[in-house]
Amino acid sequence: MVQIPKTPAAPSPAPRSVPTSADVARLAGVSRATVSYVLNNTSAVRISEPTRRRVHAAAKELGYVPHAAARSLRAGHSRMVLMPAPTVAVGLLYSQFMTELQWALSRLDYTVVQHGSVGLHGDEAARAWAELRPVAVLVPGSGLGPQGVAVLKRSGARAVLTLGPERVEGAHALLLDHEGVGHAAGAHLYGRGRRRIGVVVPEEPGLEAFSRPRLEGVRRALLGTDATVTELPLAYTEESAAKTAARWRALGLDAVFAYNDEYAMLLMRALQDEGVLIPEDTAVIGADDLMIGRLLRPRLSTVHIQLPSGRDLAELVDGAVREPGAPPGVHELLGASVVHRDSS
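Worth saying up front: this structure is predicted, and the values here are computed from it rather than measured. (Residues numbered from 1 in each chain as written. Predicted model: local features only at pLDDT ≥ 70, side-chain atom pairs only at ≥ 80, totals over all residues. Heavy atoms only, no water.)

Participant: How would you explain the nonpolar core if you had to name every residue and give the values?
Facilitator: Here is a general trend for soluble globular proteins: nonpolar side chains tend to be buried in one another's company. Residues Met 98, Leu 101, Leu 163 and Phe 257 are the most contacted members of the largest nonpolar core, which totals 44 residues. By residue number, the principal contributor to this core is helix α5 (residues 92–107), which donates 7 residues. The next biggest cluster of nonpolar side chains, apart from the first, holds 24 residues, and it includes Trp 248, Ala 258, Leu 266 and Leu 300. (Core = buried A, V, L, I, M, F, W, Y, C linked by side-chain atoms within 4.5 Å. Buried < 20%, exposed > 50% of the residue type's maximum accessible area, 1.4 Å probe, protein only. Helix = DSSP H or I, 4+ residues; strand = E, 2+ residues; numbered from the N terminus.)

Following this line, the structure appears as structure tokens:
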């Protein structure tokens, strides 16, 4: 029997040590303080551009990145802006707006972190956010109360901002006037001679904070007129739209504000399948002014929603962080105007 001698295993390479700011300083030929000023983007100290480039090149060559926790300890706070992820489908317009905001905050040297808050609500969610020690929290929708705001501030958050239809005690309020969106749609349909107006109210949980104010806005626009308003519960499915369209003639409606463009397109397709002519039999208007609405036939009338730029809102967040003792402010964000096209 021939025995094959065992080949000794090659020794594992020694683990590479984690590069430090001292390593970067030696390679760049500068002090550790200069490395800190450059990589932390400190504006209070003037550093020449050639030196900045040398430090960045050395950090890249060594694979060095600043330690966020250590930087937070030195500064007394983090640069993290926490944004709880929406628990409902918020639509393309809102998603684009939040992406622009995150980009603008990163340009101001903030790290934006989206927190998955599924299953957490109110104060319980606030405690989970507080564990990450953010410098600011921007909460979309409703659900955060005064106690949750207090928990976040005690954990070190310098600014708490809510983005929704109503203000919360202790937080900066970025108010979204959804009632104004509904008012614009209702006034437009009435002005086009429509008197029996349906309003889509999505059945998806979590959208009530947006849909109920829009419904009330339509009612306010038609208050004191000869028009009627019919509430139309609708799920975002073809089956639900088909069921609603099948009883359309029995409802006797000559117009519908369909909550937003996506629900409008869903319902309009179902109505056309039932032989309902648009706009001859029923006028349709959505909201958000999505590009795809312009590609439909007939082209979709809509309420254009004017949101602030991500840069303006990022500067508002930055100002709130810089002045944590300032009283909470209230800022109106939405502007609504009707874009009249073929469907109405």
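Participant: Can you lay out helix α6 (residues 122–130) for me, pointing to particular residues and giving the numbers?
Facilitator: Residues spaced three or four apart along an α-helix point in a common direction, a consequence of the helix completing one turn every 3.6 residues. When we look at burial in α6, the residues that qualify are Ala 125, Ala 126, Ala 128, Trp 129 and Ala 130. Where α6 is buried, its residues contact β1 (80–84), β2 (111–115), β3 (136–140) and α7 (146–154). (Contact = heavy atoms within 4.5 Å.)

Participant: Help me get a handle on the packing of aromatic side chains, residues and values and all.
Facilitator: According to the stated counting rule, one finds 2 aromatic pairs in the structure shown. Taken together, a centroid distance of 5.6 Å and an interplanar angle of 85 degrees make the contact between Tyr 259 and Tyr 263 edge-to-face. Each of the two residues, Tyr 259 as well as Tyr 263, counts as buried. An aromatic cluster of at least three residues, connected via ring pairs, comprises Tyr 236, Tyr 259 and Tyr 263. Its end group placed over the ring of Tyr 259, Arg 214 keeps NZ or CZ at 4.9 Å from the ring centre. (Phe/Tyr/Trp six-rings, centres within 6.5 Å; stacked < 30°, edge-to-face > 60°. Lys NZ or Arg CZ within 6 Å of the ring centre and 35° of its normal.)

Participant: Can you explain the sheet that holds strand β9 (residues 283–287)? Please cite residues and give values.
Facilitator: Judged by pairing direction, the sheet is mixed, and its 6 strands sit side by side in the order β7-β6-β8-β9-β10-β12 without closing on themselves. Each edge of the sheet is formed by a strand with only one pairing partner; in this case those strands are β7 (228–234) and β12 (335–339). Neighbour-to-neighbour, the strand axes of the sheet open up by a mean angle of 20 degrees, direction not taken into account. Looking at chain direction, β9 and strand β10 (residues 301–306) are connected through 3 bridges and run parallel. Opposite Gly 286, over in β10, you have Thr 302 as the bridge partner. Taken strand by strand, helix α8 (residues 178–191) contacts β6 (196–202), β8 (255–257), β9, β10 and β12, and its axis lies near 165 degrees from that of β8. (Pairing = 2+ DSSP bridges. Axes fitted to C-alpha atoms, helices over the stretch in contact; angles between N-to-C directions.)

Participant: Could you give me a rundown of the sheet that holds β3, with the residues and numbers involved?
Facilitator: The sheet built from 6 strands is open, its strands ordered β2-β1-β3-β4-β5-β11 with parallel pairing. Two strands close off the open sheet at either side, each with one partner strand: β2 and β11 (330–332). Strand after strand, the sheet turns through a mean of 20 degrees between neighbouring axes, direction not considered. Where strand β4 (residues 159–164) and strand β5 (residues 172–175) come together, 4 bridges link them in parallel fashion. If you follow Leu 163 over to β5, its bridge partner there is Leu 174.

Participant: Hey, could you go over unusual backbone geometry for me, with residue numbers and the actual values?
Facilitator: Following Ile 278, the chain continues to Pro 279 via a peptide bond in cis, the omega torsion being 10 degrees. Of note, the bond from Arg 297 into Pro 298 is cis; its omega dihedral lies within 30 degrees of zero at 0 degrees. You can see Pro 298 is positioned in the loop between α13 (291–295) and β10. Although it is not a glycine, Asp 109 adopts a positive phi angle of roughly 70 degrees. Examined against the element boundaries, Asp 109 turns out to sit in the loop between α5 and β2. Classification of Asp 109 as partly exposed rests on a relative accessible area of 30%.

Read these as layout, nothing more, since geometry by itself doesn't imply function.
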